[in-house]
Amino acid sequence: MAIWNDIGQSQSRLVKALNDWWQPRRRTSGIPDRGDLDPADLVPLLPNLLLAEAEHTPFRIRYRLVGTKVAAAARFPFTGRYLDELLRPEVENDWLGYYRTVYDSRLPLAGAVTVPSLSGASYTYEFGIFPLTLGGDRVEQFVSAEDYFSLDFTSALVRPWAER
């Protein structure tokens, strides 16, 4: 797993497009507000987007919206679920840590994740996590994009997220 703060390092056109949406909407807090997120501005990205909210004490992430390609990739509907309920202890990717980094730094974070498939091979996808406020200065939500590039999720080769 590789992570980076410079979105220009990303190979994903979707992550770069979300960054292009996020940057000009930054307010005096340095972060766009959730009210700035108009789905009409992000139509090509919607299948690959996630919207999550932060709970502050203890720090937890709950998914409010999961795009259709993300749900297909996970092979598991997780809208309304908490991140810590979804991940198994043996999962190597520190998703809660990535969200915490964005929460604390107030800056976007991107990375590349390699996960196993049912065939025993693996595939790599990229993600970007971007903070949002909710009528104040504190990070309250996140908008994220996951780019699976040309991977076909209609095949049975992709291992369901709950089994990873």
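For the structure given in this document, a descriptive report is provided here. Just so you know, these numbers come straight off a predicted model, no measurement behind them.

1. Considerations on the overall build of the chain
Here comes step 1: Scanning the chain for helices and strands turns up four helices and six strands.
Here comes step 2: Taking all 164 residues of the chain together, the buried fraction comes to 48%.
Here comes step 3: Across the chain, every contact between residues at least 6 apart in sequence was considered, and the portion connecting residues at least 24 apart equals 56%.
Here comes step 4: Carbon and sulfur atoms make up 51% of the accessible area of the chain, which totals about 8100 Å².

2. Considering the sheet that holds strand E5 (residues 122-132)
Here comes step 1: Strand order in this open sheet of six strands is E1-E4-E5-E6-E2-E3, and the pairing throughout is antiparallel. In this open sheet, the two edge strands, each paired with only one partner strand, are strand E1 (2-4) and strand E3 (60-66). Pairs of neighbouring strands in the sheet enclose a mean axial angle of 25 degrees, with direction left out of account.
Here comes step 2: One ladder, built from eight bridges, connects strand E4 (residues 109-116) with E5; its direction is antiparallel. Looking at the pairing, Leu109 lines up with Ile129 of E5.
Here comes step 3: Contacting E1, strand E2 (49-55), E3, E4, E5 and strand E6 (141-147), helix H4 (residues 95-105) crosses the sheet at an angle of about 30 degrees to E5.

3. Focus on H4
Here comes step 1: Within the span of H4, buried status applies to Trp95, Gly97, Tyr98, Tyr99, Val102 and Tyr103.
Here comes step 2: Positive phi shows up at Arg106, right after H4, with a value of about 65 degrees.

4. Quick notes on the pairing of E6
Here comes step 1: Counting buried residues along E6, seven of its seven residues qualify, which places the element largely inside the surrounding structure.
Here comes step 2: Of the two faces of E6, the one lined by Gln141, Val143, Ala145 and Asp147 and the one lined by Phe142, Ser144 and Glu146 are each fully buried.

5. Side note on helix H1 (residues 13-22)
Side chains three or four residues apart in an α-helix point the same way, a direct result of the helix having 3.6 residues per turn.
Here comes step 1: Every buried residue of H1 is listed here: Leu14, Val15, Leu18, Asn19, Trp21 and Trp22. Each buried residue of H1 lies within a common arc of 160 degrees when the element is viewed along its axis, so the set occupies one face. Opposite the packed face of H1, turned more than 90 degrees from it, sit the exposed residues Arg13 and Asp20.
Here comes step 2: On the buried face of H1, the contacting elements are E2, E4, E5 and E6.

6. Topic: the side chain of Asp147
Here comes step 1: Among the secondary structure elements, Asp147 is positioned in strand E6.
Here comes step 2: Here Asp147 occupies a buried position and makes no salt bridge, while the nearest side chain of opposite charge, Arg13, is found at 5.6 Å.
Here comes step 3: A distance of 2.7 Å separates a polar atom in the side chain of Asp147 from a polar atom in the side chain of Ser12.
Here comes step 4: Among the polar contacts made by the side chain of Asp147, one reaches the main-chain amide nitrogen of Phe149 at a distance of 2.8 Å.

What counts and how
- One numbering rule holds for all chains: residues counted from 1, following each sequence as written.
- It should be noted that, the model being predicted, local features are given only for residues of pLDDT at least 70 and side-chain atom pairs only at 80 or more, the latter also being counted only at that level, while totals for whole chains, interfaces and linings use all residues.
- Working from all heavy atoms in the structure, the side-chain values ignore hydrogens and water.
- Helix and strand assignments follow DSSP, with helices taken as H or I runs no shorter than four residues and strands as E runs no shorter than two, numbered in order from the N terminus.
- Burial status follows relative accessibility: with a 1.4 Å probe on protein chains alone, a residue under 20% of its type maximum counts as buried, one over 50% as exposed, and anything between as partly exposed.
- What makes two residues a contact is simply this: any of their non-hydrogen atoms within 4.5 Å.
- Note on areas: Shrake-Rupley with a 1.4 Å probe; residue coverage comes only from the protein chains shown.
- Pairing between two strands requires that DSSP report at least two bridges joining them.
- Every axis in this analysis is a line fitted to C-alpha atoms, fitted for helices over the stretch in contact. Angles between the N-to-C directions lie between 0 and 180 degrees.
- Think of it as the arc spanned by the lines of direction from the helix axis to the C-beta atoms.
- Positive charges come from Lys and Arg, negative ones from Asp and Glu, while His and the chain ends are left out of the count.
- Whenever a carboxyl oxygen of Asp or Glu lies within 4 Å of a side-chain nitrogen of Lys or Arg, that contact is scored as a salt bridge.
- Counted as a polar contact is a pair of N or O atoms within 3.5 Å, where, for protein atoms, one must be capable of donating a hydrogen and the other of accepting one, and residues adjacent in sequence contribute only when both atoms are in side chains.

Remember that the coordinates give geometry; whether it matters functionally is a separate question.
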